[in-house]
Amino acid sequence: MPGDGFTSRIRNLLRSPASRQRKDKRESLSSKVTLEKVLGITASGKCGLACDPRSGLVAYPAGCVVVLLNPKKNRQNHIITSRKSITALSFSPDGKYLVTGESGHLPAVRVWDVAERRQVAELQRHKYGVSCVAFSPNGKYIVSVGNQHDMIVSVWAWKKDVVVAANKVSSKVTSVSFSEDSSYFVTVGNRHVKFWYLDHSKASKASVPVPLLGRSGLLGELRNNFFCDVACGRGSTSDSTFCISSSGLLCELNSKRMLEKWVDLRTGTAHSLSLSEDTIFCGCADGTVHVFKAANLQFVCTLPRPHPLGSDVAAVTEASHLFSTKMDARYPDAIAVTFDPASHWLSCVYNDHSLYVWDVKDVNRVGKVHSALFHASCVWDP
């Protein structure tokens, strides 16, 4: 048959010395070439930004590469994952591992050894993209949530490569956060705030995934909001859950899932939040990051804004020239924030693909530790 002859010719070409020589050349180049620095960031929200609470490393995606930034030394390391773009990532509580979620058909949830930058687990259950991932504080479990085409919530005993509990969601989910004692986690999204309870004893004994028990948050008149980020309390606020709506409301739910209090952030749009034990940082529109006390949602201050939109970085000769005093200046939205409890630094990603790290040890004297300004849209030609 003609098809067989064509196939045999292709095989002979692949076996030819020239073909092997090209392959050997590629392999020798890959052993000599190393990735020194990535100029870019593709984090589209809080799920694409994470901070190791022990070392202060900041992780974010740049396509299919995870950048591990040391802000103190202005040095990068990299995890080259797969051919699929990274949509979500999160550190383990001890900082030894990083979990990533992917986009596309049959995406994997992968676990990486941070120090060795090698894959230690590949978890596949989702059929479409993964929206968010998180380690439990006890390090035993990983929760992964599929995107709006997938709609599956899975809890993995990741060291055994098994799903111990799962369920479906009926709304787009944008963020997930575990409680401090690992007994439940909370997902938020479009008209969605849900508490998921994991029965550890049943999950560990079951041979197939057990159904996750989910209970909606009791939000009253605020139930129809789009909730874009969530964080379970730590320390003295461990019984509380804090979430933020895109309309600019910061809400606190108590241990009974009931809305305890809320405050208006007075912003056009809110995007993300991050907690320390006593402070809440809220990333909002126009470069604004508002700071509140976790104990009572009392306003503390607003952090400095980044550079204004339209800044010509190449023409700047002094760092102070980036910060405009014009009344009509517009600023990029703060779409993702994450707090480093060791250094008391806050990393912020803005929607023009820039990254700033602010020293917030003293909120009355906030200083810039690190900044990186990249292309705000696609790069069509080098």
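The paragraphs below set out a description of the structure included in this document. As the structure is a prediction and not an experimental result, all values here were calculated from the model.

Quick look at a positive patch on the surface
- The grouping of K72, K73, R75 and K361 at the surface amounts to a positive patch.
- As for its position among the elements, R75 is in strand 4 (residues 75-80).
- Accessibility expressed as a relative area gives 51% for R75, which makes it exposed.

Comments concerning the pattern of salt bridges
- Inspection of the entire model under this criterion finds six salt bridges.
- Notably, a salt bridge pairs E122 with R110, separated by 3.4 Å at the nearest N-O pair. On the criterion of sequence distance, the pair formed by E122 in strand 8 (residues 118-123) and R110 in strand 7 (residues 109-113) is long-range, its members being 12 residues apart.
- Given a relative accessible area of 11%, R110 falls into the buried group.
- One salt bridge in this structure joins E116 and R118, with 2.4 Å as the shortest N-O distance.
- The network of salt bridges with shared partners includes E102, R110 and E122.

Overview of the side chain of E252
- Secondary-structure assignment places E252 in strand 20 (residues 249-253).
- Relative accessible area serves as the criterion here: at 6%, E252 is assigned to the buried category.
- Here S240 takes part through its side chain, which lies 2.7 Å from a polar atom of the side chain of E252.
- Among all residues touching E252, those that are not within four sequence positions of it are S240, T241, F242, M258, L259, E260, K261, A294 and L297.

Conventions and cut-offs
Residues numbered from 1 in each chain as written. Predicted model: local features only at pLDDT ≥ 70, side-chain atom pairs only at ≥ 80, totals over all residues. Heavy atoms only, no water. Patch = residues over 30% accessible without salt bridge, like charges linked within 9 Å, V, L, I, M, F, W, Y side chains within 5 Å. Areas by Shrake-Rupley, 256 points an atom, 1.4 Å probe, with all protein chains shown as cover. Salt bridge = Lys/Arg side-chain N within 4 Å of Asp/Glu carboxyl O. Lys, Arg positive; Asp, Glu negative; His and termini not counted. Charge placed at Lys NZ, Arg CZ, Asp CG, Glu CD. Helix = DSSP H or I, 4+ residues; strand = E, 2+ residues; numbered from the N terminus. Buried < 20%, exposed > 50% of the residue type's maximum accessible area, 1.4 Å probe, protein only. Polar contact = N/O pair within 3.5 Å; in protein donor to acceptor, adjacent residues only side chain to side chain. Contact = heavy atoms within 4.5 Å.

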